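In case you want the letters, here they are:
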Protein chains: 2
Amino acid sequence: MSATAKPFVAGQARDSVAGQARENAAASRKGVDALSALTMLVRDDLEACNRLIVERMQSDVSLIPQLAAHIVAAGGKRLRPLLTLAAARLCGYRGQRHVGLAACVEFIHTATLLHDDVVDESALRRGQASANALFGNKASVLVGDFLFSRAFEVMVEDGSLEVLRILSSASSTIAEGEVLQLITQNDTTTTEAQYLKVIEGKTAALFAAATEVGAVVADQPPAGQAALRDFGMALGVAFQLVDDALDYSADQQALGKTVGDDFREGKITLPVLLAFARGSDEERIFWRRTLEEREQADSDLGQALALMRRHGALDDTIERARLYGDHAIAALAGFPDVAEKKALADVVAFCIERAH
Amino acid sequence: MSATAKPFVAGQARDSVAGQARENAAASRKGVDALSALTMLVRDDLEACNRLIVERMQSDVSLIPQLAAHIVAAGGKRLRPLLTLAAARLCGYRGQRHVGLAACVEFIHTATLLHDDVVDESALRRGQASANALFGNKASVLVGDFLFSRAFEVMVEDGSLEVLRILSSASSTIAEGEVLQLITQNDTTTTEAQYLKVIEGKTAALFAAATEVGAVVADQPPAGQAALRDFGMALGVAFQLVDDALDYSADQQALGKTVGDDFREGKITLPVLLAFARGSDEERIFWRRTLEEREQADSDLGQALALMRRHGALDDTIERARLYGDHAIAALAGFPDVAEKKALADVVAFCIERAH
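Everything numeric here is computed off the predicted structure, so don't read it as measured data.

Calculation notes
Residues numbered from 1 in each chain as written. Chains lettered and ligands numbered in written order. Predicted model: local features only at pLDDT ≥ 70, side-chain atom pairs only at ≥ 80, totals over all residues. Heavy atoms only, no water. Helix = DSSP H or I, 4+ residues; strand = E, 2+ residues; numbered from the N terminus. Buried < 20%, exposed > 50% of the residue type's maximum accessible area, 1.4 Å probe, protein only. Contact = heavy atoms within 4.5 Å. Areas by Shrake-Rupley, 256 points an atom, 1.4 Å probe, with all protein chains shown as cover. Axes fitted to C-alpha atoms, helices over the stretch in contact; angles between N-to-C directions. Parallel < 35°, antiparallel > 145°, perpendicular 65-115°, else oblique. Left-handed = near helix turned anticlockwise from the far one by under 90°. Nonpolar A, V, L, I, M, F, W, Y, C, P; charged D, E, K, R; others polar. Salt bridge = Lys/Arg side-chain N within 4 Å of Asp/Glu carboxyl O. Polar contact = N/O pair within 3.5 Å; in protein donor to acceptor, adjacent residues only side chain to side chain. Phe/Tyr/Trp six-rings, centres within 6.5 Å; stacked < 30°, edge-to-face > 60°. Lys NZ or Arg CZ within 6 Å of the ring centre and 35° of its normal. Core = buried A, V, L, I, M, F, W, Y, C linked by side-chain atoms within 4.5 Å. Least-squares fit on C-alpha atoms with pLDDT ≥ 70 in both. Expected span 1.5 Å × (residues − 1). Arc of directions from axis to C-beta. Disulfide = S-S within 2.5 Å. pLDDT = per-residue confidence, 0-100.

Q: Pulling in residues and values, what's your account of the overall build of chain A?
A: Of the regular secondary structure elements, chain A holds 18 helices and 2 strands. Across the 356 residues in chain A, those meeting the buried criterion constitute 60%. Across chain A, contacts joining residues at least 24 apart in sequence account for 74% of those joining residues at least 6 apart. Of the roughly 13,400 Å² of accessible surface on chain A, 50% is carried by carbon and sulfur atoms.

Okay, here's the thing in structure tokens:
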């Protein structure tokens, strides 16, 4: 991952940004987390983006906005569109194209969530019953397809082939990552390299595209585009590593997702790979029974967690996330010290700290 | 639907086309159907398209080409890419861009088939076990997503925003049509207008986009683009009307699909709407029980067919298809009398005649 000290933009912090940075700082003093701070920093852009999301998910076929609203308008963190918005502003962009493209990023993300609901039979998504549970597999697949297509329609209206290239490429990489996850599921011979390819695909590719698109609309030179892409990619990997640790250790209520989903489905994540590699023969029999054969008793999730703790598998997963987080922050080095840079760096730290 | 007598292209039949037309005519005498004749006419283009399809569905994630091959390379009719290829040649196009775009059209079609497998639990697709039955819901959804994304990547390489606009718009219209079909399923109060919107969306939108894209790469003026779009749209509606009739009356072996699928799923198609509208109160009780409540005995499919025959519902559905077919052929009026024009008109007739 490249990180050069040469500034990519010569711009100064804008007045409004400075104002928002003060707000941001004030918010921090009040204990608002970094994601909220970033949200406040690009608040106007995000509100415009949210309006556009609601506007563009409309259809004469009423089930589409109804189901889409359940997931897209349910007040998710909007992390990915926030990255597009902040990346563009970091590059000194003053137009409005980033708003539409941030909406595209969220549509693609939502489509993958809807298709993931079919795939994972998740009982909880963002703390609510999954769209799938409410509306059925069929509707989730088709509304996902609609949002995905709509994202491309909005990109076409924007008119940048470069943006279309980035987001179509990210989309096929996401699908590859998800399929690879499917193949490696229930397979304890999965390698760390395969696991990394899974999470780079299913999660980090869209983070990387989200930030790169922000740089592209701002007409950043290639080095700046690459740096923001690197930032997104490293942040995405860190984010997913933490997510995979939280799946075994989170406060279920606070996280809004079911702890133990990965275990029940036999997903092979880094905590599992580390515990398996460091485990005794007897422990490996446990992992094979529970994850490969999926013969699980009520006490097995607790046992899995105990084994992970014994081998430091969760701590080391978080530590790995921290290294990726450092990469991400280093990738920002060449950008001027505007409020967005600090806010993006803080979001990296926040994504890792949520593990505690 | 517009059809003007003014020629859109002044070109003459090319020598190679004339040669192929002779082949075509010879083939017809040998009893080869119109689709085979069209296939022979654009054989070189189609072979290039098939090579590109295999090349671009590759992925390091081996399940993707494996599953995609099961459906995309299983030797479907390639009707939609054929339409793109023939439309471009009809407009006098001599380049190779139409080959890549025909592959995009087939990828989008394949993605919808894969997602439809999830949706419909079809036991048979193109005479083979459905991808879903072999690989599971998850893989079908994700490989469909991959092919869909790949289609957009190939379009971006082609570089035409107009083509991207046409195919992204078609894609969201397809999803809308499929969702509307889901909503109207098991609902005997569905109107003919709603049914028409379903089939325009789920089938005709991609036919229309396929032929329009052919005109666009050939730099046809707007009237020519609109005429080929009209042709595709009318052909697509005719094609689906016949399909919906065949679902009750086909020779299962010859069609390569299960007869009675629509009935078992409670899909509300034109044969049902006509039989229901023309039926007695007692017959409507039958339709409500079998399609709305989906309480079906073994003899009910036979009874449904008998009621449809009593009320001329199948014949009138085919008659409706014939009207759309006439529209399609009329839309070709402005094009010069090259071999592709005759071949496309013959395909319209072929799509309708397969009902007998």
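There's plenty left to go through after this.
Q: For the packing of helix 5 (residues 79-90) of chain B against helix 10 (residues 192-217) of chain B, give the residues involved together with the corresponding values.
A: Residue and element names in this part refer to chain B. Running from amino to carboxyl end, helix 5 crosses helix 10 at an angle of 30°, the nearest separation of the two axes being 7 Å. The angle between helix 5 and helix 10 falls in the class roughly parallel. Read as a crossing pair, helix 5 and helix 10 show a hand that is right-handed. Contact residues: helix 5 offers L79, R80, L83, T84, A87 and A88, while helix 10 offers L206, F207, A210, T211, V213, G214 and V217. Its residues assigned to classes, the contact of helix 5 with helix 10 shows 9 nonpolar, 3 polar and 1 charged.

Q: Can you explain the interface of chain A and chain B? Please cite residues and give values.
A: At the interface, 39 residues of chain A touch 39 residues of chain B. Measuring nitrogen to oxygen at the nearest pair gives 3.6 Å for the salt bridge that ties D60 of chain B to K197 of chain A. Counting every contact that joins chain A to chain B gives 6 residue pairs in polar contact (both at pLDDT 80 or more). When contributions to the side of chain A that touches chain B are tallied by element, the ones reaching two or more residues are helix 4 (63-72), helix 6 (97-120), helix 8 (137-158) and helix 9 (161-184) of chain A. A breakdown of the residues in the side of chain A that touches chain B according to their chemical character gives 20 nonpolar, 10 polar and 9 charged.

Q: Go over the packing of helix 5 of chain B against helix 18 (residues 339-353) of chain B with me, naming the residues and quoting the values.
A: All names here are of chain B. Direction vectors running N to C along helix 5 and helix 18 enclose 150°, while the axes themselves pass 9 Å from each other. Here helix 5 is positioned roughly antiparallel relative to helix 18, judged by the angle of their axes. Considering how the two elements wind past one another, helix 5 and helix 18 form a crossing that is left-handed. Where helix 5 approaches helix 18, its residues L79, L83, A86, R89 and L90 are matched on the opposing element by E340, K341, L344, V347 and C351.

Q: Describe the packing of aromatic side chains, listing the residues and the values that go with them.
A: Taken as a whole, this structure holds 12 aromatic pairs over all chains when the rule is applied. Taking the centre distance of 5.2 Å and the plane angle of 70° together, the rings of F148 of chain B and F152 of chain B count as edge-to-face. Taken together, the residues span about one helical turn, with F148 of chain B and F152 of chain B both in helix 8 (residues 137-158) at a distance of 4 residues. Each of the two residues, F148 of chain B as well as F152 of chain B, counts as buried. Put simply, the rings of F148 and F152 of chain A together with F148 and F152 of chain B touch in pairs and so form one group of aromatic residues. For R284 of chain A, the ring lying beneath its charged end belongs to F276 of chain A, and the centroid distance is 5.1 Å.

Q: Break down the pattern of salt bridges for me, citing the residues and quoting the values.
A: Evaluated as defined, the whole model comprises 40 salt bridges over all chains. Measuring nitrogen to oxygen at the nearest pair gives 2.7 Å for the salt bridge that ties D45 of chain A to R89 of chain A. Of this pair, D45 of chain A sits in helix 3 (residues 43-56) while R89 of chain A sits in helix 5 (residues 79-90), and the two are 44 residues apart along the sequence. The exposure class of R89 of chain A is buried, given its relative accessible area of 10%. Ionic pairing is found between K341 of chain B and D337 of chain B, a salt bridge with its closest N-O pair at 3.1 Å. Note on K341 of chain B: relative accessible area 15%, which makes it buried. A residue is classified by how much of its surface remains accessible, and D337 of chain B, at 69% relative accessible area, is exposed.

Q: Tell me about the environment of R309 of chain B, residues and numbers included.
A: Structurally, R309 of chain B can be placed in helix 16 (residues 300-310). Owing to a relative accessible area of 55%, R309 of chain B belongs among the exposed residues under this scheme.

Q: Can you break down the nonpolar core residue by residue, with the values?
A: Formed by 244 residues in total, the largest nonpolar core has its most connected members in M155, L167 and W287 of chain A together with M155, L167 and W287 of chain B. For W287 of chain B, the contacting residues outside a window of four places in its chain are T188, F263, V272, A275, F276, E292, A304, L307 and M308 of chain B.

Q: Give me the relation of the copies chain A and chain B: which residues, what numbers.
A: With an RMSD of 0.0 Å, the fit of chain A onto chain B corresponds to turning through 180° and sliding 0.0 Å along the axis. With respect to symmetry, the two chain copies, as superposed, fit the operation of a two-fold axis. Most of the interface of chain A is mirrored in chain B, where 100% of its interface residues again form contacts.

Q: Residue-level account of the side chain of S172 of chain A, with values.
A: Residue position: S172 of chain A is located in helix 9. Apart from the residues within four sequence positions on either side, S172 of chain A is in contact with F146, S149, R150 and E153 of chain B.

Q: So what's going on with the environment of D187 of chain B? Residues and values would help.
A: All names here are of chain B. Structurally, the position occupied by D187 is in the loop between helix 9 (161-184) and helix 10. Other than its neighbours up to four places away in sequence, D187 contacts I268 and E292. A polar atom in the side chain of D187 sits 2.6 Å from the side chain of T189.

Q: Go over helix 3 of chain A, please, and point to the residues and values.
A: All names here are of chain A. End to end, helix 3 covers 20 Å across 14 residues, agreeing with the expected 20 Å (1.5 Å per residue, within 8%). Within helix 3, the full set of buried residues consists of D45, L46, A48, C49, L52, I53 and R56. The buried side chains of helix 3 occupy one side of the element, clustering within an arc of 160° when seen end-on. More than 90 degrees from the buried face of helix 3, the exposed residues found are D44, R51 and E55.

Q: An account of the state of the cysteines is requested, with residue identities and associated values reported.
A: Tallying each qualifying case throughout the model produces 0 disulfides over all chains. The cysteine C104 of chain B is free of any disulfide, with C49 of chain B supplying the nearest cysteine sulfur at 9.0 Å.

Q: Can you explain the side chain of H311 of chain B? Please cite residues and give values.
A: Here H311 of chain B shows up in the loop between helix 16 and helix 17 (313-331). Those residues within four positions of H311 of chain B in sequence are excluded, and the remaining contacts are A275, R278, G279 and E283 of chain B.

Q: Before we move on, could you go through unusual backbone geometry and cite the residues and values that matter?
A: Residues and elements named next belong to chain A. Even without being a glycine, R78 presents a positive backbone phi close to 60°. If you trace the backbone, R78 turns up in the loop between helix 4 and helix 5. By relative accessible area, which is 8% here, R78 ends up buried. In this structure, N186 is a non-glycine residue whose phi angle is positive, near 65°. Relative to the helices and strands, N186 resides in the loop between helix 9 and helix 10 (192-217). Given the relative accessible area of 23%, N186 is considered partly exposed.

Q: How would you summarise the confidence of the model for chain A if you had to cite specific residues and measurements?
A: All names here are of chain A. Across chain A, pLDDT averages 87, with 83% of residues at or above 70. Within the model, the stretch residues 9-31 combines pLDDT values under 50 with 27 contacts to residues more than four positions away or in other chains. Here residues 119-128 is a poorly scored stretch, pLDDT under 50, and it has 30 contacts once near neighbours within four places are set aside; other chains count.

Q: Run through the environment of A226 of chain A, naming residues and quoting values.
A: All names here are of chain A. Tracing the chain through its elements places A226 in helix 11 (residues 222-249). Taking the relative accessible area as the measure of exposure, A226 reaches 32% and is therefore partly exposed. Spatially, the C-alpha atom of A226 lies 9.0 Å from that of A331, the residues being 105 residues apart in sequence.

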